[in-house]
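# Coordinate inspection notes
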Amino acid sequence: PAALQVGRGQAGEMIAVKVASSVGDSFKQWRAELEVLATLHHPNIVRFFGYVSSPPIHSLVLQYCAEGDVYDALRQPTPSGFFFP
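The structure reproduced in this document is the subject of the present report. (Residues numbered from 1 in each chain as written. Predicted model: local features only at pLDDT ≥ 70, side-chain atom pairs only at ≥ 80, totals over all residues. Heavy atoms only, no water.)

### Comments concerning the nonpolar core
Rules: Nonpolar cores are built from buried Ala, Val, Leu, Ile, Met, Phe, Trp, Tyr and Cys residues. Side-chain atoms within 4.5 Å join them into one set. Relative accessibility under 20% of the residue-type maximum defines a buried residue, over 50% an exposed one, and the middle range a partly exposed one, all with a 1.4 Å probe and only protein chains included. Labels follow the DSSP assignment, with helices taken as runs of H or I lasting at least four residues and strands as runs of E lasting at least two, numbered in each case from the N terminus. By definition, residues are in contact when any of their heavy atoms lie within 4.5 Å.
In this structure, Ala20, Trp30, Leu34, Leu37, Leu60 and Leu62 together form the largest nonpolar core, which totals six residues. Broken down by element, this core gets its largest block of residues, three residues, from helix H1 (residues 26–39). Those residues within four positions of leucine 37 in sequence are excluded, and the remaining contacts are Val46, Phe48, Leu60 and Leu62.

So, in structure tokens, the structure goes:
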């Protein structure tokens, strides 16, 4: 699985660095995610800033999302008041 590190970009903005290794299917998944993120440009999709590939470590540099990721959010109970009457 990929590890996530948080830091600041050159302009001072918060960034997330998703780090994967070349072990097993990790690189294939990293490469697939890179190809998809590099082509998507939408305000509701995490912004992709770039990547670093220096085997055995591969990293994606992404917009930091303070509320976490959608995968985890979808597994939580729906907050009260989420739906409008």
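What follows continues from the structure just given.
### A look at the pattern of salt bridges
Filter applied, for reference: For this document, the term salt bridge refers to a Lys or Arg side-chain nitrogen within 4 Å of an Asp or Glu carboxyl oxygen.
Scanning the entire structure with this criterion turns up two salt bridges. Between glutamate 33 and lysine 18 there is a salt bridge, and its shortest N-O distance comes to 2.8 Å. Remark: lysine 18 occurs in strand S2 (residues 14–21) and glutamate 33 occurs in helix H1; sequence separation between them is 15 residues. A residue is classified by how much of its surface remains accessible, and glutamate 33, at 27% relative accessible area, is partly exposed. Among the residues examined, lysine 18 registers a relative accessible area of 26% and is labelled partly exposed. A salt bridge links arginine 31 to glutamate 35, with the shortest nitrogen-to-oxygen separation between them at 3.2 Å. Of this pair, arginine 31 and glutamate 35 are both found in helix H1, four residues apart, which corresponds to roughly one turn of the helix.

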